[in-house]
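Residue-level structural notes
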Amino acid sequence: MQYFDGCPNWKIVEERLAVIAKDRPDITVTRRLVETPEEAEATGFHGSPSILVNGTDLFPDAPASVGLSCRIYVTPDGFAGAPTLEQLRVAIPAR
C-alpha cells in the first residue's frame, strides 16, 4: 500500500487489509510512504491510499493525476476514501 501522511484514509485500508491478511497467510501487507511530489512522480503515485499487488494497482484509474492527494474510490455506497472490505477481498488475487 502506498500512502502519504496528509491523508487519513490509508489507516482505514490498513485495517481492512489486516482483516484480510488474518484469513490469508499468503498475503503480506507492506506500506510505502510517499513523501514528496518528486517521489510521487517517480513511483506513479495516484493518491493515498493506493493498493498494489506486485506493482499493479488493484483499482486503476487512468485519469487520476499523479501527486500527493487523497484518492477517491467508487463503492456500492457511493464515493469513499477507501474501497470496502468486500471490494478488497474480490480485488486481491487468490493464490
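The structure contained in this document is the topic of the report that follows.

Before going further, it helps to spend a moment on the overall build of the protein chain. Within the protein chain one finds three helices and six strands. In the protein chain, the succession of α and β elements from N to C terminus is β-α-β-α-β-β-β-β-α. What you see for the protein chain is a C-alpha radius of gyration of 13 Å, in line with the 12 Å of a compact globule of 95 residues. Overall size of the protein chain, expressed as C-alpha extent along the three principal axes, is 35 × 30 × 20 Å. When the 95 residues of the protein chain are sorted by exposure, 36% land in the buried category. Accessible area for the protein chain stands at about 5,800 Å²; split by element, carbon and sulfur atoms hold 54% of it.

With 14 residues, the main nonpolar core has Val-13, Leu-17, Ile-51, Phe-59, Leu-88 and Ile-92 as its most contacted residues. Top contributing element to this core by residue count: helix H1 (residues 9-23), with four residues. Beyond its immediate stretch of four places on either side in the chain, Phe-59 contacts Ile-51, Arg-71, Tyr-73, Pro-83, Gln-87, Leu-88 and Ala-91. Within the second largest apolar cluster, five residues are counted, among which are Cys-7, Val-34, Ala-40 and Phe-45.

Counted at 1.5 Å a residue, the expected span for H1 with its 15 residues is 21 Å, and the 22 Å between its end C-alpha atoms agrees. Looking only at H1, the buried set comprises Asn-9, Trp-10, Val-13, Leu-17 and Ile-20. The buried residues of H1 occupy an angular sector of 90° when the element is viewed end-on, so they sit on one face. Across from the buried face of H1, at angles greater than 90 degrees, the exposed residues are Glu-15 and Lys-22. Close packing links the buried residues of H1 with strand E1 (2-3) and helix H3 (85-91).

This brings us to the pattern of salt bridges. One pass over the full model with this rule turns up four salt bridges. In this structure, Arg-31 and Glu-14 form a salt bridge, with 3.1 Å as the shortest nitrogen-oxygen distance. With a gap of 17 residues between them, Arg-31 in the loop between H1 and strand E2 (32-33) and Glu-14 in helix H1 connect regions that are remote in the sequence. A salt bridge links Arg-32 to Glu-39; the shortest N-O distance between them is 3.7 Å. Classification of Arg-32 by relative accessible area gives partly exposed; the value is 40%.

How each quantity is defined
- Residues numbered from 1 in each chain as written.
- Predicted model: local features only at pLDDT ≥ 70, side-chain atom pairs only at ≥ 80, totals over all residues.
- Heavy atoms only, no water.
- Helix = DSSP H or I, 4+ residues; strand = E, 2+ residues; numbered from the N terminus.
- Rg over C-alpha atoms; globule rule 2.2 N^0.38 Å.
- Buried < 20%, exposed > 50% of the residue type's maximum accessible area, 1.4 Å probe, protein only.
- Areas by Shrake-Rupley, 256 points an atom, 1.4 Å probe, with all protein chains shown as cover.
- Core = buried A, V, L, I, M, F, W, Y, C linked by side-chain atoms within 4.5 Å.
- Contact = heavy atoms within 4.5 Å.
- Expected span 1.5 Å × (residues − 1).
- Arc of directions from axis to C-beta.
- Salt bridge = Lys/Arg side-chain N within 4 Å of Asp/Glu carboxyl O.

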